[in-house]
Amino acid sequence: MNVDTISDFLAEQRDNTIDELQGHVLEFETLWERKLWHELTNNLIEFFNHPRSAPQRLQFYKVFILKFADRINQLKLVDLALKAATQCRDNNERLAFMQSVATRVDKENSQDAHVFALIAVARVKLDLEDLPGARKDLDKAESILDKFDSVETIVHSSFYHAQADYYQAKQDFGAYYKNALLYLACIDVKNLPYEERRHRAHDLAIAALVSASIYNFGELLLHPILDALKEREEDKWLRDLVFAFNKGDLVQYDLLANQIQAHPLLAAHSNKLREKIYLAALTEAVFRRPPHDRAMSFDTIASETKVKPHEIEHLIMKALSLGLLRGTIDQVDEVAHINWVQPKVLDMTQIDNMRSRLKEWDSSVEQLGNWIEKVGQDVWAA
């Protein structure tokens, strides 16, 4: 576009702007002439946030904003660039655009903005399926982030969001789970659109189930994102499955077998899922027992976990190696002596079981006290 002056450009843009936004464009010229950069930046952000401004954003950035780009907050400059980038013709144009932005803000006093732009570049590379390129940019961003004492939440949230998407593309479910939860910790989940909450809850649940490193679902079960799976009937089974794994509910697991087999990713990991539910059943069986009664025979474990007798020893050793249990195995007598079980989030049934155990403990302490009082009456009297 050929324009002689900023005024000509703004006048032309005002003529092409809907009535609702014309006031913003008029204000741009006033603030520009008065060199009120902070107020101008905030006004531009408000303008760019309006959905109807989309067709004009890229031109505004290239023709107007770049005239004073070095005078404004560089993090906000990148934010404006990101909104303008949505109007690029394709991902290749968007990549070149965001790389130029990243280069522009790569200065000593604007490294937070540089990281923000690098993350945006990595996200475009993910869209282009350039995973090695995305990894390189994310590693560079992380190395700079590690040097900061503090940084704006928007930078951290965008980093963890991009990290989660990268690991999901790599099918590294444990790393995806960790970074997705870190991303959610940086934002207000209630501000996410329902469909995004629903997809995120689904992906987190699947990652937790199929990951080879996740055996404790407490952080997910306590997170409000999981409530998104309660709103549609077709999603509820997945939420029920996560809760079934948390308490080692083999009956519920078998009831959901059809849904598991109908889900391609779960079906592909069916053997791993079966092992995880057996481990969950084992830890739950131990947890239900009072600490003084955790010497369990292999036969008892087999009956409570539905595991074949010849596989019991391997199951216990697996639980011990994963840190789910601590104890020893008596291979001669086929007895497992368990002295610790990994803490977990409890549902109401489990809490009620704990309540019953506490009542039993209280009763046994009272009986002991009565016995000591009876046996030692002469001592007390003396």
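What counts and how
Residues numbered from 1 in each chain as written. Predicted model: local features only at pLDDT ≥ 70, side-chain atom pairs only at ≥ 80, totals over all residues. Heavy atoms only, no water. Core = buried A, V, L, I, M, F, W, Y, C linked by side-chain atoms within 4.5 Å. Buried < 20%, exposed > 50% of the residue type's maximum accessible area, 1.4 Å probe, protein only. Helix = DSSP H or I, 4+ residues; strand = E, 2+ residues; numbered from the N terminus. Contact = heavy atoms within 4.5 Å. 1 Å grid on protein atoms, 1.4 Å probe; cavity = no way out; pocket = protein on both sides within 12 Å on 5 of 7 lines; lining within 4 Å. Points joined across faces, edges and corners; volume = space filled by probe spheres on them. Nonpolar A, V, L, I, M, F, W, Y, C, P; charged D, E, K, R; others polar. Pairing = 2+ DSSP bridges. Phe/Tyr/Trp six-rings, centres within 6.5 Å; stacked < 30°, edge-to-face > 60°. UniProt positions renumbered as here; feature names shortened; annotations may be inferred. Polar contact = N/O pair within 3.5 Å; in protein donor to acceptor, adjacent residues only side chain to side chain. Axes fitted to C-alpha atoms, helices over the stretch in contact; angles between N-to-C directions. Left-handed = near helix turned anticlockwise from the far one by under 90°. Expected span 1.5 Å × (residues − 1).

## Some details on the nonpolar core
- With 120 residues, the main nonpolar core has F64, F97 and L241 as its most contacted residues.
- With eleven residues, the single largest contributor to this core is helix α7 (residues 111-127).
- Those residues in contact with F64 that sit more than four places away from it in its chain are I6, F9, L10, F28, W32, L40, L44 and Q59.

## Side note on unusual backbone geometry
- Even without being a glycine, E129 presents a positive backbone phi close to 65 degrees.
- You can see E129 is positioned in the loop between α7 and α8 (131-145).
- The residue E334 is not glycine, and still its phi comes out positive at about 55 degrees.
- Counting through the fold element by element, E334 comes out in the loop between β2 (325-330) and β3 (335-341).

## Notes on the layout of surface pockets
- Roughly 730 Å³ of volume is contained in the largest pocket.
- Lining of the largest pocket is provided by 29 residues; of these, L82, R123, S158, H161 and D165 occupy positions nearest its centre.
- Put simply, the parts of the chain that give the lining of the largest pocket at least two residues each are α5 (74-85), α6 (91-104), α7 and α9 (153-169).
- Considering every element that reaches the lining of the largest pocket, the biggest residue donor is α9, with eight residues.
- For the lining of the largest pocket, the class distribution of residues is 15 nonpolar, seven polar and seven charged.

## Brief notes about the pairing of β3
- Of the strand pairs in this sheet, strand β1 (residues 295-297) and β3 are connected by three bridges, and their pairing is antiparallel. Bridge pairing in β3 places M296 opposite A336.
- Relative to β3, β2 runs antiparallel, the two being bridged by six bridges. Its bridge partner being in β3, R326 is matched across the sheet by W340.
- The antiparallel pairing of β2 with β3 creates a hairpin that spans four residues between the two strands, and E334 there sits at a positive phi of about 55 degrees.

## Structural notes on the packing of aromatic side chains
- Counting across every chain of the model gives 17 aromatic pairs.
- Consider the rings of W32 and W37, whose centres lie 6.0 Å apart with planes at 70 degrees: the pair is edge-to-face.
- According to the relative accessible area criterion, W32 is partly exposed, its value standing at 23%.
- The class of W37 is buried, set by a relative accessible area of 15%.

## Overview of the UniProt feature "domain: PCI" (unreviewed entry) in the protein
- The UniProt record annotates "domain: PCI" (unreviewed entry) at residues 175-343.
- With 57% helix and 9% strand, residues 175-343 has its two end C-alpha atoms placed 22 Å apart.

## Focus on the environment of K178
- Of note, K178 is situated in helix α10 (residues 173-185).
- Taking relative accessible area as the criterion, K178 reaches 56% and is therefore assigned exposed.
- Along the chain, K178 and L238 lie 60 residues apart, while their C-alpha atoms are 19 Å from each other.

## Overview of the side chain of S211
- You can see S211 is positioned in the loop between α11 (194-210) and α12 (218-221).
- With relative accessibility at 3%, the residue S211 sits in the buried group.
- One polar contact links the side chain of S211 to the main-chain amide nitrogen of I214, over a distance of 3.5 Å.

## Quick word on the packing of helix α4 (residues 54-64) against α6
- Packing of α4 against α6 brings their axes to within 14 Å, and their N-to-C directions diverge by 35 degrees. The hand of the α4/α6 crossing is left-handed. Residues L58, Y61 and K62 of α4 form the contact with α6, whose participating residues are E93, F97 and V101.
- Split into classes, the residues belonging to the contact of α4 with α6 amount to four nonpolar, no polar and two charged.

## Structural notes on helix α2 (residues 19-34)
- For α2, built from 16 residues, the straight-helix expectation of 22 Å at 1.5 Å per residue is met to within 8% by its first-to-last C-alpha distance of 24 Å.
- Among all positions of α2, only L21, H24, V25, F28, E29 and L31 are buried.
- Here the buried face of α2 lies against α1 (6-15), α3 (37-49) and α4.
- Of the residues flanking the end of α2, it is K35, one or two places downstream, whose phi is positive at about 60 degrees.

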